[in-house]
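# A look at the structure
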Amino acid sequence: MELDNPVGNSENFEPAVNSSSVRSAMSIQSRGSSRNSTREVNFGPPAADSEALSTSQKEISDGDARLVHINDPVKTNERVRLSGNSIRTAKYSIITFLPKNLFEQFHRVAYIYFLIIAILNQLPQIAVFGIGVSFLPLTFVLVVSAVKDAYEDWRRHQSDKIENNRLASVMVDSRFQKKKYKDIRVGEIVKIHANETIPCDMVLLSTSDPTGVAFVQTTNLDGESNLKTRYAKSETLSLFPEKESINGFIKCEKPNRNIYGFQGSMEIDGKRSSLGPSNIVLRGCEIKNTNWAIGVAVYCGQETKAMLNSSGAPSKRSRLETRMNKEIILISCFLVTLCTVISVCTAIWLKRYKDDLNLLPYYRKLDVSSGKAKSYKYSGWGLEILIAFLMSVIVFQVMIPISLYISMELVRIGQAYFMTRDTKLYDEASNSRFQCKSLNINEDLGQIKYIFSDKTGTLTENKMEFQCASIWGVDYGSQNADLGNEPVSVDGNILRPKVKVKVDPELLQLTRGGLKNKEGKHVCEFFLVLAACNTIVPLLVDTSDPEVKLIDYQGESPDERALAYGAAAYGFTLLERTSGYIVIDIQGERQKFKVLGLHEFDSDRKRMSVILEFPDNSVKVFVKGADTSMFSVIDKSLSMDIIRATETHLHNYSSLGLRTLVIGVRELNPLEFEQWHFAFEEASNALIGRAALLRKVSSSVENNLCILGASAIEDKLQQGVPESIESLRTAGIKVWVLTGDKQETAISIAYSSKLLTGDMAQIVINSNNRESCRGHLHDALVKSDKLMAMPGGANNIGGSTEPVATQIALIIDGTSLVYILESENSELEEQFFQLACKCSVVLCCRVAPLQKAGIVSLVKKRTSDMTLAIGDGANDVSMIQMADVGVGISGQEGRQAVMASDYAMGQFRFIVPLLLVHGHWNYQRLGYMVLYNLYRNAIIVLVLFWYDLFTAFTLTTAITEWSSLLYSVVYTAFPTIIVGILDKDLSKRTLLKHPQLYGAGQRNEAYNEHLFWFTMADTLWQSIVVFFVPLFAYWGSTIDISSIGDLWTLSVVILVNLHLAMDVIRWAWVTHAAIWGSVIATFISVMIIDAIPTFPGYWAIFHVAGTRVFWLCLLGSIVGALLPRFVIKFVHQYYCPNDIQISREVEKKSVNTTRVVGGGQLEMLPIR
Amino acid sequence: MPPETSTSSAGGKEGSSGPSSKKNSKKPKYSKFSQQELPAWKPILTPGWVISIFAFTGIIFIPIGLASLYASEKVVELPFQYDQKCIPSEYSNNAEAYIKSTTTNKTCTATFKVEKTMKSPIYVYYQLTNYFQNHRRYVKSKSEDQLRQKSAEEDTDDCKPEARTPDGQPIVPCGLIAWSLFNDTYKIKVKGKHLKISKKNIAWQSDQTKKFGSDVYPKNFQAGGLIGGAKLNESIPLSGQEDLIVWMRTAALSTFRKLYGKIETDLEANEELSLVIENNYNTYSFGGKKTLVLSTATWIGGKNDFLGLAYIFIGGLSLFFAVCFLLMYLFKPR
C-alpha cells in the first residue's frame, strides 16, 4: 500500500510554488536567493519555499493544535467553540454600520480637521455658523461615503446569504444528508461530488479513486486553472463512514492563511499518520474528474484558508497626492496667516476703541439688564484675540479643500470605470478585462519613467512549445518541420494530443525505428524521460466526434506540459497517471510503468527525478533539470564528447531564446534500489523535517547520471511586444527586464522584442566576487562615458536630426547583483545606479525574486521618478509590491501577481494604451482638478477675508452661511468631477501615434510648483476683482449685507465655473450640463435661501436683481477677473505652445480637412 | 472560496471566471460613453477667436461704461454733513457731552442751495460713516422670530444685552440693532414752506409683510437705563415702523446711507433750502460722520462713477489686447 502511493506521502507538494520554481530551475542562483533573503520584502502569500516548509514540519505542540474528532462535531466543539461554517464578507451589520463606518471614515486627517472645526463652532463664544450649518459639509461627505459603503456592503450581504444557504451532503446519523453550508461544523464528514464546490477546508478520507486521488481545481483560490492532485491517506481509504463508525482524531495547526501549507497528524484506531498540504482540500475549490470525495471538516467559515486570504493589496498613495498634500500644508500656513491678520487687526481695533466699547452702538459691551453694570460677552483683550483667531479658522475652513478628497475619489472611480470598460484593454484569449485593484494611484500611470518587466509570461506568452532537442550529442533542429500530433487508438477510441507540435522528420524516423540501433535507443529513452519524468495528469476531453478524444495534459508547469506534448508528437504518449503507475503509449504499444518514487522539483536542486520500474523489472532513475544543476551530477567519465556537444547545443539554443533542460538517466541495481527505497520510505513517513530528508534521499540517486541530451522549448513572444517596447521607449520610459532566465536566452528575447537593437553598445557584467564586480562597474562607467561622448547610430527620438550619443545596453547577471545589492547605500549600488542611468536598456538575468524587488527599491530610492513593475508570476510579487505602480498579467502562472498588483490585465501590449492613453488622461485630469479645487476654495475664502477687513475684523459673512458651506459641495463640485472624469486633452489616436506626448506627465506638466503659484496669484487677482468691483460700486449706498452677499456669491460661482469652462477642452453634453447646470442651480439655491422669511436675507436677491447695477457688477467683475488669465492662456498657447497644445491643433486641423474632403474620409481616421 | 464570496474586494472580477464560463465573454460592451468617444465640441483658441472676443468685449463694455458715467452724471446729489456743524461752538471740544446731555437743545438749522434742478422723487438719505452695522455682535443682535410673531415675544436669546428689562420683561423689538435706531430728524423748508418728506414705502415691501409682524407692538423699548436711539410709537405694529425696518436691514459697509424719506415735488435750481435738524444721534463717541443727502436717482441708482470707469477701463483694455493680438498676428505670426 505504501509503495503504491509514494507521491501521496511526499510532503513538499507545493502546487503553485512549483510552477514558478520549475521555471526558476533554470534561473535562480542559489547564492542570490539565499544571501538576499534577509532583505525585507513583503510577499503576498507566505514564501513557501522548501526550506520554510521543512521548518514548519516540527511537531505541533498541543497549545497550537486543533483537535478534530472525526465524525464527532459535538466532542470536537466541546472544549472550545470552533467557528461554524457561515461566512461573512460583509463588514457591517445594521447595528454596527454607523459606528464602524464612521470610525473608518475618520481615519482621514481632513475629516478630523473638519470635525474639530465643527465642534469649535459649538462653543457659544466662537460660534460663527448655526449648529446645523457647521456640520453640513462634513455630514455631506460622510453621507456620500457611507451610502457608497452601505451599498457595497448590502451586496456582500446578499452574496453571503446565497453562499451560506448552499447545500452540501453531510453525514448525519450515519447517512449523508443535505445540509446548508452555514450549518456545517468542524469534525463533520462531508461528501462532495464531481464538479461541486468544497464547502470548507477538509482533510480527505477517501475518494472514488481506489488509490485515493482527487483532482481539484483551485481557480477561485489562486486563479490557476489546471488540476491539482490531492490524496486521501491510505489508512482511511478503505473506511466507509456510512457502514462503520470511524474512531479517530486529527490534530492540526491552528487556522492560518498559508494556502500552500498544512500540517497535522491523524490517529485512527491508535495508528498515527502524518498529514500534509496534499491531504487537504480547501474551501472554494472544485472537485473535478473524481466522482466523489469524503473528508472531515477541519476549518470552517471564517477560519478557512480562503477566507483568511481575502484581503486586498496594500494601499499606495499617488505621487500627485503626495505633492498635493505638500501644497495643502502651504495652504494651511496661508490659512493661519489670514487668521493671524484678522486677530492682529482685532487686537489693534479693540485697543483703539477700548474706552468706547461699553457704549459703542454696534458693540455695547455694557450690560445693565440685570440692574448692575456687567460686561457682556467680553473676555478681556487677550482672550478676544484668541477667539477672533479661532473664529476666523471656522469662517475660512473651506480653504482646506475637504471636497477635493471626495471629488478625487469619485474621479478615480470614474477613471477606473473607463479603464475597465476600454475594449482595447480586453484580452480575448483569457477573457479578462482590465482590472483596477487600487483606486488611489490612477494618475501615477501618467508619470512612469521606469518599467521593470518580467520576461517569461510577460514579454512572452508562457505558452511553451517543444522546439528541438539535442540527443546523445546530435542536434535535431526543427528547420523543416511539419505539424504533427500522433493519434493513438485505445479501445477503439482515437486519442489525440490537444496541442500540435512541430516535429523533425529525421527524429521522427529515428523514434519509429525503435530500439534497433544505439542511436534509436537513446532517442527512445530520451522521449520516455520526457513523457514520464513529470507530474502531468492526462485528461481525456470529448470532442464532437465521439470516436476521437483529445488528451489534455494538466500540470502545473508549462514547461512540463510542453515536453509531454513534445514526447506525444514523437509517439510517446502519456495516457494515464495514477499515484502508483503510469501508462505510456510507445509507438502504438501501451506500456505500464510502476512509479516507485518521485522527487519533486525544488528550487535548491533545480531538478526533479522519477524512479520507474520497467515492465522487464529493471529500475531506472529519470532526471531532468537545469543545466547548471545537472552537469554537476552527471558522470563526466562516461561520455565527455557528448557532454561537450550537448553544452554547445545548449548554448546555441539559449542564444535562440529557447529554454533548455538537461535530461539524464541512470539504472539502479537492486542493492542501490533497496537502499534508496528504505531511505525514501523513512523520509516520507518522517514527521519532522520531511522535505530536507527527502532532498537528502534524492541526492543518493541523482548522481552519476548518464547524459541523454537536452530539450529546448520555445517561449513565444506575446503579440505586439516589439511595437509596445518601441512605443514605450519613444515615450521616454526606460524599460528594464528582470528575468530568471539565462543570459543568452534573455539577450535573444531582448533582440526579438526590439529591446536591444543592433546599433546599441552592450556592456556585460558577470562577476563572481565583489572585487571583480567593483572593477567591472568601474570599467563600465568609464566605457559608457566614452560611448556617450561619441555620436552613434541614428536616433529619432523626438524627431531630432542631430547626432545623438550611442545608446548603451547594460546586461548584468544575478551573481553580480548579489554584490551590488549586498548592503544598502553601498558604493557599488551607487555606481550601478549611475551606470544604469546612462543606459537606455538594462537587462538583469538570473535574478531571484527578492533581487527583483531589490533593484526596484534601488531605483526608487535614488530617483524621484516613478517606477512600474509588471509581471505575471509568484516570483514577481515582491517587485510588484515594491514599485510605485504594480501591474499583474493574468497569464498562465496563476493569480498571485494579479492579487498583489494594483492593475491587472491580460497582455503586455496593453501597457501602451494603459500608460500613454489612460495614464496620460488620468494625470492631466487629476492634475488640473487639484489645481482647480485649490483655486475654487481659495477664492471664496479670500472674498470672505476681504469683507472681514471692512467689518471691523469681526468675521461677519456677507455670503450667507448656507451659501458659503454649500459652495464647495454643491455650487461648484459637480463640474470639476465631470471634467475630471470626462475631459480629454487629446484623442487616443494622437496619444498612441505620438508617444512623446507622454513626457508631459514625466515632466510634471499638469501639476507643479510653478502652476501652483501661478494659480494662486491668479486666485488673488480674481478674488480682488470680484470683491472690490461691487464694493466700490456700492460704497456709501444703501446696500445691505444680504444683497451684496448674494452678489458676491453669484459672481464667485459664475466666475469659477467660467474659469473651468475656459479650460475645458472637450465639451460633451455632460460637460455642458454640469457647468451650466451648476450656475443655474446656484441661482435657484440663492433664491430659495432668500425666500425663507426667518433668514436675515429674506427677499434680498429679488430686490437687488431688479437693479441694473447688480447685473453690471456681475458682468464687470467676472470679465475683469478672467481677463488676465485669458490673455496669458492665449499668449502661452499661441506663442509658446507645448507638445500637447500643438498636437491638439493638429488634431483639430486634420479633422477639419477630412470634413472638407468628405464624409467618406472620416472613416479613415477612426478614433482608436 | 466560492465564486460569489470570493468577490470581497479584490477577487470580484475574476470570481466567475473558469473554464465553465468561458462562453460568456466579459468583453466590455461598446458604447460611445464607455469608450470616451462622446461627440464633443473642441474649441481651440485661434487668433481669430481671441481677437474677436476681445474686440467684442471692448465694443460692449465701453458704451456701457459711458452710459453708466452719463447716468451717474445726471444724478443730482446734495450732501450736507452736519455732525460738526450742529454742535454749538461751546461744545465743540466736547461733542459727546453735548449729545448725551438731556438738557441741551439739539435743534440745528442750516441753509443750502439746490445747484441743479432735481426732479421728483427726491430721496432723502442719512449717511453715516465709521459705523459698523456689519459688526458681528451687532448683526446677530436681534430676534427674527420675535419681530415676526407675537407668540415669540419671549424669544430674546440672541438679543443680549438688550434682551430684557431688569425686571425680566422681554423688550420688543429686542437687540442692539433696534436699540440703536437712528433718531435724528430732518425738516426741510423751501421758501419758508415745509416740504413734505414722505415716510411711506421707504422700507422693502417684503420686509413689511413677512419679516415684521403686524400684530407685534413695541414693548418695554428704550425703557432701560441706557437709551440707544429712537423710541417707537407703541400703538403702531412693527410692520408699520418703516424707519425701524430700514434701519434693521443692516448695511453692508461701514459707510452707508439709509433712506429717510422721499420728496415728491421737484426742486428748482438755485432754490434755497433751509434744514431743521434734530441732532440726537451719538456718533461722536466713535468719530462717525453724519450727512444728510438729497439725491435724485437714475437707472444706475445714486451717484457713482466707479462702475462707469471700471467698464471703460476693462473695455479699453480689451480693445487694446484685440489690437495688440491683431498686430502680432499680422506682423509677427508664429
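Residues numbered from 1 in each chain as written. Chains lettered and ligands numbered in written order. Predicted model: local features only at pLDDT ≥ 70, side-chain atom pairs only at ≥ 80, totals over all residues. Heavy atoms only, no water.

## Description of the interface of chain B and chain A
Basically, it comes down to this: Contacts between residues were defined by any pair of non-hydrogen atoms, one from each residue, lying within 4.5 Å. Defined here as a combined quantity, buried area equals the accessible surface (1.4 Å probe) lost by two parts on assembly, summed across both. Salt bridges, as used here, are contacts in which a Lys or Arg side-chain nitrogen is within 4 Å of a carboxyl oxygen on Asp or Glu. By the criterion applied in these results, polar contacts are pairs of N or O atoms within 3.5 Å in which, for protein atoms, one can donate a hydrogen and the other can accept it, and in which residues neighboring in sequence qualify only through two side-chain atoms. Helix and strand definitions follow DSSP, with helices as H or I runs of at least four residues and strands as E runs of at least two, each counted in order from the N terminus.
Contacts between chain B and chain A engage 103 residues on the former and 126 residues on the latter. Here chain B packs against chain A, burying approximately 10000 Å² in sum over the two surfaces, 62% of which is carbon and sulfur. Taken together, the links from chain B to chain A amount to three salt bridges. Linking chain B with chain A are 30 residue pairs in polar contact (both at pLDDT 80 or more), by the criterion used here. Contributions of two or more residues to the side of chain B that touches chain A are made by α1 (47–74), β3 (122–128), α3 (136–139), α4 (144–148), α5 (176–179), α6 (205–211), β7 (256–263) and α8 (306–331) of chain B. With ten residues, α8(B) is the largest single contributor of residues to the side of chain B that touches chain A.

## Considering the confidence of the model for chain B
All names here are of chain B. Counted only if it meets this: Every residue is assigned a pLDDT by the predictor, reflecting its confidence on a scale from 0 to 100.
Of all residues in chain B, 93% have pLDDT values of 70 or greater, and the mean over the chain is 87. pLDDT under 50 marks residues 1–23. Its contacts with residues more than four places away, or in other chains, come to 54 contacts. Reported confidences for the modelled complex are a pTM of 0.80 and an ipTM of 0.92.

## A word on the sheet that holds strand β35 (residues 808–813) of chain A
Strands belonging to one sheet form pairs held by backbone hydrogen bonds; the direction of such a pair is parallel or antiparallel. Residues and elements named next belong to chain A. Basically, it comes down to this: By this definition, two strands are paired if DSSP reports at least two bridges between them. Axis angles are defined between N-to-C directions and span 0 to 180 degrees, where every axis is a line fitted to C-alpha atoms and, for a helix, only to the segment in contact.
Read across the open sheet, the nine strands follow the order β16-β39-β38-β37-β17-β33-β36-β35-β34; overall the sheet is mixed. Two strands in the sheet have a free side with no partner beyond their single neighbour: β16 (435–436) and β34 (761–765). Pairing of β34 with β35 involves five bridges; the strand directions are parallel. Bridging across to β35, Ile763 finds its partner in Leu810. The strands touched by helix α26 (residues 827–838) are β17 (448–453), β33 (734–738), β34, β35 and β36 (841–845); relative to β35, the strand with the most contacts, the crossing angle is about 140°.

## Quick look at the pattern of salt bridges
Quick note on the threshold: Whether a residue is buried, partly exposed or exposed follows from its accessible area with a 1.4 Å probe, protein chains only, as a fraction of its type maximum: under 20%, in between, or over 50%, in that order.
The full count for this structure, using the stated rule, is 41 salt bridges over all chains. Here Arg1003(A) ties to Asp1139(A) by a salt bridge, and the two come within 3.7 Å at their closest N and O atoms. One end of the pair, Arg1003(A), is in the loop between α34 (999–1002) and α35 (1009–1033); the other, Asp1139(A), is in helix α40 (residues 1139–1157), and 136 residues separate them in sequence. The exposure class of Arg1003(A) is partly exposed, given its relative accessible area of 48%. The exposure class assigned to Asp1139(A) is partly exposed, which follows from its relative accessible area of 37%. Among the ionic pairs, Glu153(B) bridges to Lys219(B), the shortest N-O distance being 2.7 Å. Of the two residues, Glu153(B) sits in the loop between α4 and α5 while Lys219(B) sits in the loop between α6 and α7 (242–248), which places them 66 residues apart along the sequence.

## Description of the packing of aromatic side chains
Quick note on the threshold: Side-chain rings of Phe, Tyr and Trp (the six-membered ring for Trp) are treated as a pair once their centres are within 6.5 Å; stacked means planes under 30 degrees apart, edge-to-face means over 60, and tilted covers the remaining angles. For a lysine, the NZ atom is tested; for an arginine, the CZ atom; a charge sits over a ring if that atom is within 6 Å of the ring centre and within 35 degrees of the ring normal.
Following the criterion strictly, the structure yields 75 aromatic pairs over all chains and no others. Measuring from centroid to centroid gives 6.0 Å for Phe614(A) and Phe622(A), while their planes differ by 90°, and the two rings are edge-to-face. When the ring centre of Tyr98(B) is taken as origin, the NZ or CZ atom of Lys106(B), which lies over that ring, is 6.0 Å away. The ring of Tyr125(B) has Arg257(B) sitting right over it, with the charged end atom 5.7 Å from the ring centre.

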